[in-house]
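A look at the structure
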Amino acid sequence: MMLEVRHISAGYGKVQVLHDLSLGVKAGEILCLLGRNGAGKTTLLKTIMGLVRARSGEILLEGVPLNDLPAYKVPRQGVGYIPQGRRLFAELTVAENLQVGLMTRGQGDEVLEHVLTMFPRLRERMDQRAETLSGGEQQMLATARALCLRPRVLLLDEPTEGLQPSMIAMIRAAVVELRAQGVAIILVEQRVEAVLEVADRVIFIENGRNALEATPDDLRANESLVHRYVGV
């Protein structure tokens, strides 16, 4: 496995959100996490990134522990994170936001050119401040900034939320291309139909615990699974 989460428990203050949760994702695989709001999906991604400290368990990147690293060092290991809400540097330009990504792991013009080829609209807006972009363009920029790390693992938290269909298609195409390049991807998504189009495996999370692992074909054949664990 490229990334392994072993028996992780985590939470906020006295509130425990994750309970003995385990999963793994291989290089060149898209693992989708499904579950109701509050199930613990976002907390899991934050725990992997060190933004929430694990109370027990292990997080391993190709066998190397990430648990004890401060949060700012996790991206340096090659773990990219696109949080819900994008979290861009709003007053910086597109170019400056991308430079932040490039500096994290010492990447240069070759990586920048590759990212701009994937998102050509950003090339036209390099001097614009991030706050002036449309919602779809901001999501492109958040994705592009994470790709400037040349990540081994990419975590995406509801990347298509609120986007129009053309933007959703562009983000989905980028995710599929990254899988082809060998990146291990964990995708949190509420749109079940989007998950079925790209996922290799699906794990349902319920009350901070592993509930069920399935394939997209399993979910197509048994829609009651989605109703049970997601409620849609």
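Scoring rules and cut-offs
All chains use their own residue numbering, which begins from 1 and follows the written sequence. Given that this is a predicted model, residues contribute local features only at a pLDDT of at least 70 and side-chain atom pairs are listed and counted only at 80 or more, while totals for whole chains, interfaces and linings are drawn from all residues. Side-chain metrics in this entry use all non-hydrogen atoms of the structure; hydrogen atoms and water are not considered. Secondary structure elements follow DSSP: runs of H or I no shorter than four residues count as helices, runs of E no shorter than two count as strands, and numbering proceeds from the N terminus. To estimate how far a helix should reach, multiply one less than its number of residues by 1.5 Å. We call a residue buried when its accessible area falls under 20% of the maximum for its residue type, exposed when it is over 50%, and partly exposed in between, using a 1.4 Å probe and counting protein chains only. Working rule for contacts: check all heavy atoms of both residues, and any pair within 4.5 Å makes them a contact. Put plainly, a pocket is an open set of points on a 1 Å grid over the protein atoms alone with protein on both sides within 12 Å along at least five of seven lines, a cavity is a set where a 1.4 Å probe fits but cannot get out, and a lining residue has an atom within 4 Å of a point. Grid points are joined across faces, edges and corners, and a volume is the space filled by probe spheres set on the points. Amino acids are sorted into nonpolar (Ala, Val, Leu, Ile, Met, Phe, Trp, Tyr, Cys and Pro), charged (Asp, Glu, Lys and Arg) and polar (every other residue, Gly among them). The axes are straight lines fitted to the C-alpha atoms, using for helices just the contacting stretch, and the angles between their N-to-C directions are given from 0 to 180°. When describing relative orientation, an angle under 35 degrees is termed roughly parallel and one over 145 degrees roughly antiparallel, while 65 to 115 degrees is termed roughly perpendicular and anything else oblique. Should the near helix be turned anticlockwise from the far one by less than a right angle, the crossing is left-handed, and should it be turned clockwise, the crossing is right-handed.

Turning our attention to helix H5 (residues 135-147). Its 13 residues place the ends of H5 18 Å apart at the C-alpha level, agreeing with the 18 Å of an ideal helix rising 1.5 Å per residue. Along H5, twelve of the 13 residues are buried, which leaves the element largely enclosed by surrounding structure. Within the span of H5, buried status applies to Gly136, Glu137, Gln138, Gln139, Met140, Leu141, Ala142, Thr143, Ala144, Arg145, Ala146 and Leu147. For H5, the elements touching its buried residues are strand S6 (79-82), helix H2 (94-104), helix H3 (109-118), helix H4 (120-123), strand S7 (153-157) and helix H6 (165-180).

Right, let's talk about empty space enclosed by the protein for a bit. For the structure shown, the criterion picks out two cavities of 30 Å³ or more. Considered as a void within the structure, the largest cavity measures approximately 100 Å³ in volume. Lining the largest cavity, in full, are Pro159, Thr160, Ile168, Ile171, Arg172, Val175, Leu187, Glu189, Arg191, Ala194 and Val198. The residue makeup of the lining of the largest cavity, split by class, is seven nonpolar, one polar and three charged. Estimates place the volume of the second largest cavity at around 70 Å³. Tallied by class, the residues present in the lining of the second largest cavity amount to seven nonpolar, three polar and one charged.

A separate point is the packing of H2 against H3. Where H2 meets H3, the closest approach of the two axes is 10 Å, and the angle between their N-to-C directions is 130°. Put simply, H2 runs oblique to H3. In this structure, H2 crosses over H3, and the sense of that crossing is right-handed. For the pair H2 and H3, contact is made by Leu98, Gln99 and Leu102 and by Val111, Leu112 and Leu116, respectively.

Turning next to the layout of surface pockets. Quantified by volume, the largest pocket comes out at close to 460 Å³. If you trace the largest pocket, you find 18 residues lining it, with Met49, Pro75, Tyr81, Pro83 and Arg145 closest to the centre. Its residues assigned to classes, the lining of the largest pocket shows 13 nonpolar, three polar and two charged. Taken as a whole, the second largest pocket spans an internal volume of roughly 310 Å³. Taken together, 15 residues make up the lining of the second largest pocket; nearest its centre are His114, Arg150, Pro151, Gln181 and Val183.

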